[in-house]
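Listed below, chain by chain, are the residues.
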Amino acid sequence: MSRHIVILGGGVIGLSSALACLKRGHRVTVIERDPQRRGASLGNAGMVVPSHFVPLAAPGMVAMGLKWMLSPESPFYIKPRLDWDLITWGLKFWRASTKAHVERSAPLLRDLSLASRKLYADLAEKEEFGLVKKGLLMLCKTQHGLDEEAQTAKKARALGIPAEILDARATAELDPAVTMDIAGSVYFPQDCHLQPDRYVNTLLRLIRAAGGEVLDEVEVTGFRKSGKRVVAALTSTGDEIAGDEFVLASGAWSPGLVHDLGLRLSMQAGKGYSLTLPAPVELPQICAIFTEARVAATPMGSSLRIGGTMEIAGMNETVARRRIEGILKAVPQYYPRFRREHFEGVAPWYGFRPCPPDGLPYLGRTQAADNLVIATGHGMMGLSLAPVTGEVVGRLVDREPAGFDGFEMLSPDR
Ligand SMILES: Cc1cc2nc3c(=O)[nH]c(=O)nc-3n(C[C@H](O)[C@H](O)[C@H](O)COP(=O)(O)OP(=O)(O)OC[C@H]3O[C@@H](n4cnc5c(N)ncnc54)[C@H](O)[C@@H]3O)c2cc1C
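What you see is a predicted model, and the numbers here were worked out from it, not measured in a lab.

Here's the deal with the overall build of the protein chain
Here's step 1: Secondary structure assignment for the protein chain yields 10 helices and 20 strands.
Here's step 2: Relative to its length of 414 residues, the protein chain is compact, with a C-alpha radius of gyration of 21 Å against a globular reference of 22 Å.
Here's step 3: Considered along the principal axes of its C-alpha atoms, the protein chain spans approximately 65 × 50 × 45 Å.
Here's step 4: Looking at the protein chain as a whole, 57% of its 414 residues qualify as buried.
Here's step 5: Of the contacts formed within the protein chain by residues at least 6 apart in sequence, a portion of 75% connects residues at least 24 apart.
Here's step 6: Accessible area for the protein chain stands at about 17,300 Å²; split by element, carbon and sulfur atoms hold 53% of it.
Here's step 7: Mean positive and mean negative side-chain charge positions of the protein chain (48 and 45 charges, respectively) differ by 2 Å.

Put into structure tokens, the structure is as follows:
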């Protein structure tokens, strides 16, 4: 039976959900406050990563985070402040950073990622959004880094995700388009990359063609409820958007929207930056992560995007120059033909990753309201998991099972 689905937020998660609901024959309205920026959806590194089966909350992360906090150029930073949400988030992060949590989460993250990758590959047969299925290189500057990555490769293979450990020469043979100064790499052949803005524009075109409604420059300010049901989304224009089902897909802004419904989503915004070189001196063909520096490099058409940092410092709009310097310093260390000067005049982009403390998305129904589906908190994997999230939202809207073992781990009420 066709119903009216109202989607709160037009980032990659909201738009992927909208398309999936339209395909199921529903009427869909997407409400987006800031269509030019779209949260973290446009300037991200564009990687689709079945290799990322380890959630952010993992053994060793707390110690590494504390060490990194001392350096203004480090890739990870938590601004210490007396804020109850941050304190409880930190405690939950610390409690979740266990081997048992990683072992429980990895098969679910793998299954979601592989399903998402397939959906991307299927869509790319009909639409062009820059999907390149050439894998991902985890570049290691040091032998120590390579030894650590080799451990991840071993775990990946145990989960059925192919991973190859390569020395510097074999890495150079795989991507001869770029000069590298490294000890070696781990190659994940199933990973891919794409151009996030082209994916978003493809979704918008398909949504409109299927009769979906997109309300741009409209902010959701709250909800009108009747008993346990949401009746309408209240908006900045004064219009109330009534619907049968509502989908929360507002990225890092999600917790504030549902607070009054009694749903407490523990989440911090993880700010990251990217810089896109329009005419790089060399154009790698395979996307890469500079492992020790935690910096991503993604070819996008003829340009090269460099991105990184995870700054947990609230939703402030300041640009931390020192941290951008940290990103830029890493580039010539791995790609020696690149120079700091190449980035002169390139404006940094930033976005807020929606980060739950246990590193797993919030995806599912909630006790807070009978007709509300939560689809947020994808942290570093929102682009990667967008198509499968849309698919799952469609199933949940139709009260079907999500279709993934261990799915209850993603419950927004956990
Ligand atoms: C530097 C960087 C690199 C990254 N690289 C990758 C990568 O390679 N691969 C990957 O998978 N992920 C990556 N990510 C993470 C990815 O960008 C996010 O996980 C993803 O964008 C989350 O999607 P979303 O739709 O949930 O949130 P967002 O992209 O933030 O979208 C939320 C949308 O909701 C709208 N909104 C919010 N509140 C309201 C309101 N009240 N009313 C109306 N609209 C509202 C916002 O304007 C926004 O458009 C990266 C992130 C960063 C910062």
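Next comes the rest of the description.
A word on the state of the cysteines
Here's step 1: This structure, assessed with the given rule, holds 0 disulfides.
Here's step 2: Unpaired in terms of disulfides, Cys192 finds its nearest cysteine sulfur in Cys287, a separation of 8.1 Å.
Here's step 3: Assessed through its relative accessible area of 0%, Cys287 is described here as buried.

Quick word on the site of the ligand
Here's step 1: Within the structure, the ligand sits among 35 residues, and Glu32, Ser41, Met47, Gly379 and Ser384 are positioned closest to it.
Here's step 2: Here Ile13 contributes a backbone N or O atom positioned 3.1 Å from an oxygen atom of the ligand.
Here's step 3: Contacts to the ligand include Gly46, whose backbone N or O atom sits 3.3 Å from an oxygen atom.
Here's step 4: The fraction of the free accessible surface of the ligand (1,000 Å²) that becomes covered by protein chains is 97%.

Examining helix α5 (residues 143-158)
Here's step 1: With 16 residues, α5 should reach 22 Å at 1.5 Å per residue; the first-to-last C-alpha distance of 23 Å fits that figure.
Here's step 2: Listed in full, the buried residues belonging to α5 are Gly145, Leu146, Glu149, Ala150, Ala153 and Ala156. The arc that holds the buried residues of α5, viewed along the axis, is 140°, so those residues lie on one side. In α5, the exposed positions that point more than 90 degrees away from the buried face belong to His144, Lys154, Lys155 and Ala158.
Here's step 3: In this structure, the buried side of α5 is in contact with β5 (136-140), β6 (164-167) and β7 (184-188).
Here's step 4: Once α5 ends, the next one or two residues include Gly160, with phi positive near 85°.

Some remarks on the pattern of salt bridges
Here's step 1: In total, this model carries 23 salt bridges according to the counting rule given.
Here's step 2: Across the pair Glu73 and Lys329 runs a salt bridge, and its minimum N-O distance is 2.9 Å. With Glu73 in the loop between α2 (61-68) and β4 (76-78) and Lys329 in helix α9 (residues 321-334), this pair connects stretches of sequence that are 256 residues apart.
Here's step 3: Residue class for Lys329 comes out partly exposed when judged on its relative accessible area of 45%.
Here's step 4: If you follow the salt bridges from partner to partner, you end up with Arg3, Arg24, Glu245, Arg365, Asp398, Arg399 and Glu400 in one network.

As for the sheet that holds strand β2 (residues 27-32)
Here's step 1: Strand order in the open sheet formed by 6 strands is β9-β2-β1-β13-β20-β19, with mixed pairing between adjacent strands. Of all strands in the sheet, those with a lone pairing partner are β9 (213-216) and β19 (362-366), marking the two edges. This sheet shows a mean twist of 15° between the axes of neighbouring strands, independent of strand direction.
Here's step 2: For strand β13 (residues 245-248) and strand β20 (residues 369-376), the ladder comprises 3 bridges, and the chain directions are parallel. Bridge pairing links Phe246 to Leu372 in β20.
Here's step 3: Seen against the sheet, helix α1 (residues 12-23) touches β1 (4-8), β2 and β20 and runs at an angle of roughly 170° to β2.

Thoughts on the domain arrangement of the protein chain
Here's step 1: Partitioning the protein chain into structural domains gives domain 1 (4-42 + 198-264 + 359-410) and domain 2 (52-83 + 124-193 + 268-355).
Here's step 2: Between domain 1 and domain 2, the contact holds 20 residues from the first and 19 residues from the second.
Here's step 3: For the domain 1 and domain 2 pair, buried surface summed over both sides reaches about 1,600 Å², with 65% attributable to carbon and sulfur atoms.
Here's step 4: Viewed at the interface, domain 2 and domain 1 are joined by 1 salt bridge.
Here's step 5: Linking Arg205 and Glu127 is a salt bridge whose minimum nitrogen-to-oxygen distance equals 2.7 Å.

Focus on the packing of aromatic side chains
Here's step 1: Applying the stated criterion to the full structure yields 10 aromatic pairs.
Here's step 2: Consider the rings of Trp253 and Phe352, whose centres lie 6.2 Å apart with planes at 90°: the pair is edge-to-face. Residue Trp253 is found in the loop between β13 and α8 (254-258), and its partner Phe352 is found in strand β18 (residues 349-355); the two are separated by 99 residues along the sequence.
Here's step 3: Accessibility expressed as a relative area gives 5% for Phe352, which makes it buried.
Here's step 4: Between Tyr350 and Phe352 the ring centres are 5.9 Å apart and the planes differ by 75°, which places this aromatic pair in the edge-to-face class. Grouping residues by exposure puts Tyr350 and Phe352 together as buried.
Here's step 5: Through a chain of ring-to-ring contacts, three or more aromatic side chains come together here, namely Trp253, Tyr273, Tyr350 and Phe352.
Here's step 6: In this structure, Arg37 packs its charged tip against the face of Tyr350, placed 4.8 Å from the ring centre.
Here's step 7: A cation sits over an aromatic face here: Lys271 above Tyr350, 5.0 Å from the ring centre.

The rules behind each value
Residues numbered from 1 in each chain as written. Predicted model: local features only at pLDDT ≥ 70, side-chain atom pairs only at ≥ 80, totals over all residues. Heavy atoms only, no water. Helix = DSSP H or I, 4+ residues; strand = E, 2+ residues; numbered from the N terminus. Rg over C-alpha atoms; globule rule 2.2 N^0.38 Å. Buried < 20%, exposed > 50% of the residue type's maximum accessible area, 1.4 Å probe, protein only. Contact = heavy atoms within 4.5 Å. Areas by Shrake-Rupley, 256 points an atom, 1.4 Å probe, with all protein chains shown as cover. Lys, Arg positive; Asp, Glu negative; His and termini not counted. Charge placed at Lys NZ, Arg CZ, Asp CG, Glu CD. Disulfide = S-S within 2.5 Å. Near = heavy atom within 4 Å. Polar contact = N/O pair within 3.5 Å; in protein donor to acceptor, adjacent residues only side chain to side chain. Expected span 1.5 Å × (residues − 1). Arc of directions from axis to C-beta. Salt bridge = Lys/Arg side-chain N within 4 Å of Asp/Glu carboxyl O. Pairing = 2+ DSSP bridges. Axes fitted to C-alpha atoms, helices over the stretch in contact; angles between N-to-C directions. Domains from an automatic or database assignment. Buried area = accessible area lost by both parts, 1.4 Å probe. Phe/Tyr/Trp six-rings, centres within 6.5 Å; stacked < 30°, edge-to-face > 60°. Lys NZ or Arg CZ within 6 Å of the ring centre and 35° of its normal.

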